[in-house]
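Below are the chains, spelled out letter by letter.
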Amino acid sequence: MAENFSWLHRGIAEVFPQPTDAESDIESLEKRLATTDRPLRVKYGIDPTGADIHLGHSIPMRKLRGFQDAGHTAVLIIGDFTARIGDPTGKSEMRRQLTEEDVKQNAQTYLDQVRPILDFDTPGRLEVRYNSEWLSRLDLGKITELLATMTVGQMLAKEGFADRYKKENPIFLHEFLYPLMQGYDSVAIEADVELGGTDQKFNIAVGRDLQRHFGQKPQFGVLLPILIGTDGVQKMSKSLGNYVSLSEHPGQKYQKLQGVPDQMLEQYFELLTDLPIDKLPANPRDRQMLLAWEIVKQYHGEQAAQEAKEAAKSGGKEGAVPEFSLAGVPQFPVKLAYLLGATGLCKSTGEGKRKIQEGGVRLDGDRISDADTTFQQPDELQGRVLQVGKNKFVRLVP
């Protein structure tokens, strides 16, 4: 049976619950998949707390696609309501609460970025839901019912809360609502399976408890590893600079991926590609180049992968990204709108301002929407990639 579900087991950290001698009545996920008479509903939720997704975020998306290809229904939940609270998992202090406008703007980019991964076209294979659909309608009575399903002790057992409590860092009451609201998402969409990183086990288990409370069959949890970044040390994170964004230029992706440390290559292949692990090249350098090629091809097509490869071979340090010298800027401080015109990415400062206001301008993959954005010194921009739309890029150099 394991061989029949090789797509399921690849790159998985844990599936729960599992049948045991003590609880022989619990079926396995494999058995549920093999015997179900309907497509299972497989949930994955993303909170649009930022504008971009990196390769670490793609891991559960790829597993979601595996369920789609096996004939099941992916239910992608855009957490437009929960994002305004912020997931406290792994945080030593309260997350900044986002405004409704922040969340709406971030959510606009998410679906475009996951289109190369998920099947958007086959009828019945994808539902995209926004959890404000049900969470915004909860009245005080229903919220009280949710709160009554957990004790303070159970909530403080959650790793992040426990650490903060011991250190006497504040824990705000609205943060206790996050796991309950994420769990209620499973009730609202009647999930059979929920995917998440290994840091999400508590939240997924809350979903199981709430489904039981509301008379539903509890979902399975499928936990996936947290991707280590390109530095080979810490988890992939934009704040640490060890990330590869899905929205990056193909040349940037290629350059970063061909430098992934040798000891991380097998994990990257297992989690980010479908290539057989036992057939990878023996030479680490060949593996690096294959990894870069394969991932750029996934998101941008074979032609873009070939162009990135050729640019890297010809000595282009950052792939096929043209450069603009900041020495051509008469003086600093300089407004971003002016810079867009000076680099040729826009025809004029006025067009640059409009592009910023429309949300079409990014710096190192991060969208900039404030038309008055100003940079004080060239050091703030050196080495960064300025982008307009999907196809116009320039690297800013001294």
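Look a little higher up for the structure.
Residues numbered from 1 in each chain as written. Predicted model: local features only at pLDDT ≥ 70, side-chain atom pairs only at ≥ 80, totals over all residues. Heavy atoms only, no water.

Caption draft 1: Spotlight on the overall build of the protein chain. Along the protein chain, the regular secondary structure elements total 16 helices and 13 strands. Taken over the C-alpha trace, the protein chain has a radius of gyration of 23 Å; the compact-globule value for 398 residues is 21 Å, and the two agree within 12%. Taken over the C-alpha atoms alone, the protein chain extends approximately 70 × 50 × 45 Å along its principal axes. The 398 residues of the protein chain split such that 49% are buried. Excluding contacts between residues fewer than 6 apart, the proportion of contacts in the protein chain whose partners are at least 24 apart in sequence is 71%. Computing the positive centroid from 49 side-chain charges and the negative centroid from 56, the protein chain places the two 3 Å apart. (Helix = DSSP H or I, 4+ residues; strand = E, 2+ residues; numbered from the N terminus. Rg over C-alpha atoms; globule rule 2.2 N^0.38 Å. Buried < 20%, exposed > 50% of the residue type's maximum accessible area, 1.4 Å probe, protein only. Contact = heavy atoms within 4.5 Å. Lys, Arg positive; Asp, Glu negative; His and termini not counted. Charge placed at Lys NZ, Arg CZ, Asp CG, Glu CD.)

Caption draft 2: Spatial organisation of the sheet that holds strand β3 (residues 73–78). Taken in spatial order, the six strands make up an open sheet running β1-β6-β5-β2-β3-β4, and their pairing is mixed. Edge positions in the sheet fall to β1 (14–16) and β4 (126–130), since each has one partner strand and no second. Neighbour to neighbour, the strand axes of the sheet diverge by 20° on average, direction disregarded. The pairing of β1 with strand β6 (residues 220–224) spans three bridges and is antiparallel. Within β6, the position partnered with Phe16 by the bridge is Gly221. Contacts from helix α3 (residues 55–69) reach β2 (41–46), β3, β4, β5 (193–197) and β6, with the element oriented near 160° to β2. Across the sheet, helix α9 (residues 173–189) touches β2, β3, β4 and β5, and the angle it forms with β2 is around 145°. (Pairing = 2+ DSSP bridges. Axes fitted to C-alpha atoms, helices over the stretch in contact; angles between N-to-C directions.)

Caption draft 3: How the structure looks around the packing of aromatic side chains. The tally for this structure, following the rule as stated, stands at four aromatic pairs. Arranged with centres 5.0 Å apart and planes meeting at 90°, the rings of Trp7 and Phe67 form a pair that is edge-to-face. Within this pair, whereas Trp7 is found in helix α1 (residues 6–9), its partner Phe67 is found in helix α3, the two being separated by 60 residues in sequence. Ring centres of Tyr184 and Phe214 lie 5.8 Å apart, and the angle between their planes is 70°; this geometry places the pair in the edge-to-face category. Highlighted residues: Tyr184 in helix α9 and Phe214 in the loop between α10 (201–213) and β6, separated in sequence by 30 residues. On the basis of relative accessibility, which here comes to 12%, the residue Tyr184 falls in the buried class. (Phe/Tyr/Trp six-rings, centres within 6.5 Å; stacked < 30°, edge-to-face > 60°.)

Caption draft 4: Layout of the sheet that holds strand β13 (residues 392–397). A sheet is described by the order of its strands in space; here five strands give the open sequence β7-β13-β12-β9-β10, paired in mixed fashion. Across the chains shown, the open sheet's two edge strands, defined by having one partner strand only, are β7 (323–325) and β10 (366–367). Note that β7 and β13 share three bridges and pair parallel. For Phe324, the partnering residue across the bridge sits in β13 and is Leu396.

Caption draft 5: Quick look at the packing of helix α15 (residues 336–343) against helix α16 (residues 349–357). Between α15 and α16, the least distance of the axes is 7 Å, while the angle of their chain directions is 120°. On the basis of their axis angle, the class for α15 and α16 is oblique. Where α15 crosses over α16, the handedness of that crossing is right-handed. Counting all contacts with α15, which are made through Leu336, Ala337, Tyr338 and Leu340, the residues of α16 involved are Thr349, Gly352, Lys353 and Ile356. (Parallel < 35°, antiparallel > 145°, perpendicular 65-115°, else oblique. Left-handed = near helix turned anticlockwise from the far one by under 90°.)

Caption draft 6: View of the pattern of salt bridges. Scanning the entire structure with this criterion turns up 18 salt bridges. Glu127 serves as the salt-bridge partner of Arg41, at 2.8 Å between the closest nitrogen and oxygen. One end of the pair, Arg41, is in strand β2; the other, Glu127, is in strand β4, and 86 residues separate them in sequence. Put simply, Arg129 and Glu127 hold a salt bridge, and the shortest N to O gap is 3.3 Å. Judged by its relative accessible area of 24%, Glu127 falls in the partly exposed class. Each of the salt bridges in this network shares a partner with another, and the network as a whole consists of Glu27, Arg32, Arg38, Asp192 and Lys217. (Salt bridge = Lys/Arg side-chain N within 4 Å of Asp/Glu carboxyl O.)

Caption draft 7: Looking closely at the nonpolar core. Within the largest apolar cluster, 54 residues are counted, with the highest numbers of intra-cluster contacts made by Leu29, Leu55, Leu76, Val193, Leu195, Leu257 and Tyr268. Among the elements that make up this core, the one with the highest residue count is helix α13 (residues 284–300) (six residues). Membership of the second largest hydrophobic core comes to 22 residues, among which are Ile85, Trp134, Met150 and Ala191. (Core = buried A, V, L, I, M, F, W, Y, C linked by side-chain atoms within 4.5 Å.)

Caption draft 8: Representation of empty space enclosed by the protein in the model. What the rule picks out here adds up to one cavity of 30 Å³ or more. Of the volumes computed, that of the largest cavity is approximately 50 Å³. Ser247, Glu248, His249, Gln252, Arg362, Asp364, Gly365, Val385, Gln387 and Phe393 are the residues that line the largest cavity. (1 Å grid on protein atoms, 1.4 Å probe; cavity = no way out; pocket = protein on both sides within 12 Å on 5 of 7 lines; lining within 4 Å. Points joined across faces, edges and corners; volume = space filled by probe spheres on them.)

Caption draft 9: View of the pairing of β6. Where burial is concerned, most of β6 is hidden: five out of the five residues are buried. Going residue by residue along β6, you find Phe220, Val222 and Leu224 tucked away on one face and Gly221 and Leu223 tucked away on the opposite face as well. Note that β5 and β6 share five bridges and pair parallel. What sits directly across from Val193, in β6, is Phe220. Handedness of the β-α-β unit built from β5, α10 and β6 comes out right-handed. (Right-handed = clockwise from strand over helix to strand, strands pointing away.)

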